[in-house]
Amino acid sequence: MFSRWLPISILLILLLVGMGSLTQELNAQMRDIQTELQWGSLEKGPGGSFITKVIAAGEWGAYLLRYRPARGFSKEQYWLEEFDERFGLRARHELNLSAEGAAFEDIISLRGQLYLITSRTIAEATQVFARPLSIRGQVTGTEKLLADMEKEEKFRREQFDIKYSRDSSHLLLYNQLPPEKDGPERFTLRVFSDDFSLLWSRDVTLPYRDQGFSIRSYQMDTEGNVYLLCRQVTGSREDRIPPQYIVYAYRRNGQEEVAYQLNIEGVSFLNLRLELAGNGDLVCAGFYGLGGQIGSKGIGHIRINPLTKEATKVDLLPFPDNFLAQVGQPLQRGAEPVLIRYQLRDLTLRSDGGIVLVAEQFFRQNRTEMSPITGPQFTSFDNYNDIIV
């Protein structure tokens, strides 16, 4: 099967906030930014495998995780790949899970040390472990039990996720609790120090039905406080009811819960991201529309001080008409163009108080081929129309 890759149109947009009066604007290009692009050598991996994660990277090089799914009688395989400062492949090591019955979950880098995260199902619980991993892909030391969580029959693996603070001093283990029919959203937060000692944990129940409610991202500051960006969708797509975004904060060793409703009169956020500023402020930014209309008309930016629990900055910057004329689309004949079908991928905070958003417009094609030897083989193709930065 042949899949045609569409040409990519890259547009650069820089949002300047907090740098002057309210006459802020969207600039069509980034100025005075010197960059150097360096390509590594072309490397070939084992057949049917692909890179799934950049574990750690810096001027010294990078560690990457390579994966090959199970096919036929072959088991799934994982490799740890080490690249030098010129992004040339230095070594590739296949991972061997020494513990019987252990399932691979992740590899993380914490203060320069690699750790292998595995899980094992015992009776009615799933246990999560961490164990040091050498750069040669060999487990060292002893494994440490991080959590005993309820086993979810439908999702035996990947029941949880891991996030660490900017300075790697704290580690967050987040996991969903088994859903109940028409029941509320339930999950557990566990915060560890950098030696995997448990500092606090909390079982959370939010007043939202599991269906239509999702946690879009979670962040943790250097004090071990946790912040969740949540999205609530009500009604069907035909109802055209815009989603509601809420930030939940868990501070003071999880004893304090605060909810921030991200509502602005006459405006609805259609896509939003959350990051933590260096001073501890919560920074929410994304695309907004007017009322219940479909399509984005501009960029919204909110900063919240978690100590005073007040919004210190609210910016709404409409897209320039010439920008929308270039990349937007009218929803009906004669209507003004708006930004549609863009997924907000990343929010980066600048040192001068500005923010950079990255959004993509693409569609995905899936291909399935049957082999009498290896069984079904699945391939996905991402076809990009536009990338907006």
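The coordinates are above.
For the structure given in this document, a descriptive report is provided here. (Residues numbered from 1 in each chain as written. Predicted model: local features only at pLDDT ≥ 70, side-chain atom pairs only at ≥ 80, totals over all residues. Heavy atoms only, no water.)

Scanning the protein from terminus to terminus reveals one helix and 26 strands. Across the 389 residues of the protein, 45% fall into the buried class. Taking as baseline every contact in the protein between residues at least 6 positions apart, the subset at least 24 positions apart corresponds to 42%. Counting every atom, the protein has about 22100 Å² of accessible surface; 48% of that belongs to carbon and sulfur. (Helix = DSSP H or I, 4+ residues; strand = E, 2+ residues; numbered from the N terminus. Buried < 20%, exposed > 50% of the residue type's maximum accessible area, 1.4 Å probe, protein only. Contact = heavy atoms within 4.5 Å. Areas by Shrake-Rupley, 256 points an atom, 1.4 Å probe, with all protein chains shown as cover.)

Right, let's get into the sheet that holds strand 10 (residues 125-133). Pairing in this open sheet of four strands is antiparallel, and the strands run 8-9-10-11 from one edge to the other. A single partner strand is all that each edge strand has here, and the edge strands are strand 8 (103-110) and strand 11 (144-150). When the angles between neighbouring strand axes are averaged without regard to direction, this sheet yields 25°. Where strand 8 meets strand 9 (residues 113-122), seven bridges bridge the pair, whose relative direction is antiparallel. Looking at strand 9, one finds that leucine 110 is bridged to glutamine 113. (Pairing = 2+ DSSP bridges. Axes fitted to C-alpha atoms, helices over the stretch in contact; angles between N-to-C directions.)

Another point: the pairing of strand 16 (residues 213-220). In terms of burial, strand 16 is largely enclosed, as six of its eight residues are buried. Sheet topology places strand 16 next to strand 17 (residues 226-232); seven bridges connect them, and they run antiparallel. Pairing of serine 214 across the sheet is with arginine 231, part of strand 17. Between the end of strand 16 and the start of strand 17, which pair antiparallel, lie five residues, with glycine 224 showing a positive phi angle near 85°.

On the basis of which strands lie adjacent, the open sheet formed by four strands has the order 20-21-22-23 and antiparallel pairing. Looking at strand neighbours, the two that pair on one side only are strand 20 (267-276) and strand 23 (310-318), the edges of this open sheet. Each adjacent strand pair in this sheet contributes to an overall mean axis angle of 20°, direction not counted. As paired elements, strand 22 (residues 298-305) and strand 23 share eight bridges and run antiparallel to each other. In the strand pairing of strand 23, asparagine 305 is matched with glutamate 310.

Turning next to the side chain of asparagine 175. Within the secondary structure layout, asparagine 175 lies in strand 13 (residues 170-176). The class of asparagine 175 is buried, set by a relative accessible area of 1%. For asparagine 175, the side chain forms a polar contact with the side chain of arginine 190, separated by 2.8 Å. (Polar contact = N/O pair within 3.5 Å; in protein donor to acceptor, adjacent residues only side chain to side chain.)

For the structure shown, the criterion picks out 10 aromatic pairs. Ring plane angle 35° and centroid distance 4.9 Å describe the contact between tyrosine 67 and tyrosine 78, whose orientation is recorded as tilted. Here tyrosine 67, found in strand 5 (residues 61-68), pairs with tyrosine 78, found in strand 6 (residues 77-83); they are 11 residues apart in sequence, far enough to count as distant. For the residue pair tyrosine 67 and tyrosine 78, the accessibility class agrees, reading buried in each case. Ring centres of tyrosine 78 and phenylalanine 104 lie 3.9 Å apart, and the angle between their planes is 25°; this geometry places the pair in the stacked category. Note that tyrosine 78 is positioned in strand 6 and phenylalanine 104 in strand 8, a separation of 26 residues in sequence. Phenylalanine 104 shares its class with tyrosine 78; the two are buried. A network of ring pairs unites the aromatic residues Phe50, Tyr67, Tyr78 and Phe104 as a single cluster. Across the ring face of phenylalanine 129, the terminal group of arginine 120 is positioned such that the distance to the ring centre comes to 4.2 Å. (Phe/Tyr/Trp six-rings, centres within 6.5 Å; stacked < 30°, edge-to-face > 60°. Lys NZ or Arg CZ within 6 Å of the ring centre and 35° of its normal.)

Unusually for a residue other than glycine, asparagine 253 sits at a positive phi of about 60°. Mapped onto the secondary structure, asparagine 253 falls in the loop between strand 18 (244-251) and strand 19 (256-261). For lysine 309, which is not glycine, the phi dihedral falls at a positive 60°. The residue lysine 309 is located in the loop between strand 22 and strand 23 in this model. Residue classification places lysine 309 among the partly exposed positions, given a relative accessible area of 39%.

Time to look at the environment of tyrosine 250. With respect to the helices, strands and loops of the structure, tyrosine 250 is situated in strand 18. Looking at tyrosine 250, the relative accessible area reads 0%, which means it is buried. A distance of 2.8 Å separates a polar atom in the side chain of tyrosine 250 from a polar atom in the side chain of glutamate 257.

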